[in-house]
Amino acid sequence: MRGSRVVALGHYQPAKVLTNDELAAMVETSDEWIRSRVGIHTRHVAGPDEPVDELAAHAGAKALAAAGLTPADIDLVLVATSTAVDRSPNTAARVAARLGMGSPAVLDLNVVCAGFTHALATADHAVRAGSSTRALVIGADKMTAITDWTDRTTCVLVGDGAGAAVVEASQEELIGPVLWGSVPEMGHAVRIEGTPPVFAQEGQAVYRWATTQLPPIARRVCERAGVTPEDLAAVVLHQANLRIIEPVARKIGAVNAVIARDVVDSGNTSAASIPMALSKLVERGEIGTGDPVLLFGFGGNLSYAGQVIRCP
């Protein structure tokens, strides 16, 4: 096999929805202030009895069902998350247990908002190398559990959820080469630190970096995949903030692409945001089988990773 492909997708969000008006009763803000600055209308919030591995397992189960596979068909589970409470068993192991898998390899990756695209690249490499036959790749985060609800600059952003993809070998390279990297000296711009851990960021620094530095990198991702930005059917960026998504997408030059804007309804779900947004585009029929889609994650550690995939 020359490459790998995404076979199917799935996503899951908790039932509870938190509106901007409800947030305005908790902290000094308003619906107008939130919409104008970050573009978010609502977000989903997991309860105390809904751990991040449960969110991940629901999304994984949906992806397996969409692929027509059973848990026994998976030999590698990769979970991108930065909100796991425990170190061991890791989130991937707990997902495997929840789904009743046999003996898969289980790895967690913590690259925060760029986690899913890092995990997808890792699965692609494992399948190409022959160390995995079929992988379940999940991005899942419970951001509301690490949020300071008195800080209106961050609490208005976050939501909870999970998205998943099944990856298997292919005769063609349907997951393009990854382009990844970071700006370590600026890692302090997005932080989840302390005991208990709390999410904090330097919003203006992140905004300037994302809108100025990332578009040329995203265009290089397209070059590596042998497509032009004009060829793209969809662009799925990390759903950080609508004021970042729209200018970055415009500067990439994907003039014919559907631009994922799931942040409006889901908020910033960190590693979950890209697979959730992609799964919803496919579910709604906004992109079709074989369409080229740019996935591009960025954020925590000031890391980034992107690849062009062909839609399942």
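Residues numbered from 1 in each chain as written. Predicted model: local features only at pLDDT ≥ 70, side-chain atom pairs only at ≥ 80, totals over all residues. Heavy atoms only, no water.

The next point concerns helix α4 (residues 91-99). Buried residues of α4: T91, A92, V95, A96 and L99, and no others. Around the axis of α4, the buried residues are gathered within 140° of arc, so they sit on the same side. Summarising the contacts, the buried residues of α4 are in contact with α3 (52-67), β4 (76-80), β5 (105-109) and β6 (134-142). In the segment just after α4, G100 is the residue with positive phi, at about 70°. (Buried < 20%, exposed > 50% of the residue type's maximum accessible area, 1.4 Å probe, protein only. Helix = DSSP H or I, 4+ residues; strand = E, 2+ residues; numbered from the N terminus. Arc of directions from axis to C-beta. Contact = heavy atoms within 4.5 Å.)

Below, the discussion takes up the nonpolar core. Note on soluble globular proteins: their nonpolar side chains tend to be buried together. Counting 49 residues, the largest nonpolar core has L232, L237, F296 and F298 as its most contacted members. Going through the elements one at a time, α2 (31-38), α7 (203-225), β11 (234-237), α8 (242-252), α9 (263-266), β13 (292-299) and β14 (303-310) are the ones with two or more residues in this core. Top contributing element to this core by residue count: α7, with 8 residues. Formed by 31 residues, the second largest nonpolar core is a distinct cluster that contains L109, L120, V127 and L281. (Core = buried A, V, L, I, M, F, W, Y, C linked by side-chain atoms within 4.5 Å.)

Our next topic: the packing of aromatic side chains. Evaluation of the coordinates by the stated rule reveals 2 aromatic pairs. Where F296 meets F298, the ring centres are 6.4 Å apart and the plane angle is 40°; that geometry is what we call tilted. Residue F296 is classed as buried on the basis of its relative accessible area of 1%. Summarising the aromatic geometry, the rings of F296 and Y304 are spaced 6.5 Å apart at their centres and angled 15° between planes, so their arrangement reads as stacked. Residues F296 and Y304 agree in their burial class; the two are buried. A connected cluster of aromatic rings, assembled from ring pairs, spans F296, F298 and Y304. When the ring centre of W33 is taken as reference, the NZ or CZ atom of R152 above it lies at 4.3 Å. A cation over an aromatic ring shows up here: R243 above the ring of Y207, its NZ or CZ 5.3 Å from the ring centre. (Phe/Tyr/Trp six-rings, centres within 6.5 Å; stacked < 30°, edge-to-face > 60°. Lys NZ or Arg CZ within 6 Å of the ring centre and 35° of its normal.)

Another point: the sheet that holds strand β8 (residues 179-182). One open sheet accounts for 5 strands, arranged β8-β14-β13-β11-β12; its pairing is mixed. Strands at the two margins of the open sheet, each flanked by one partner only, are β8 and β12 (258-259). When β11 meets β13, the two strands line up parallel, connected through 4 bridges. Residue pairing in the sheet places L237 in a bridge with F296 of β13. Here α7 sits on the sheet and contacts β8, β13 and β14; the angle it forms with β13, its principal contact strand, is near 145°. On top of the sheet, α8 reaches β11, β12 and β13; it is set at about 135° to β11, its chief contact. (Pairing = 2+ DSSP bridges. Axes fitted to C-alpha atoms, helices over the stretch in contact; angles between N-to-C directions.)

A word on the side chain of S270. Structurally, S270 is set in the loop between α9 and α10 (273-283). Setting aside residues up to four positions removed in sequence, S270 forms contacts with S82, V112, C113, D141, M143 and H238.

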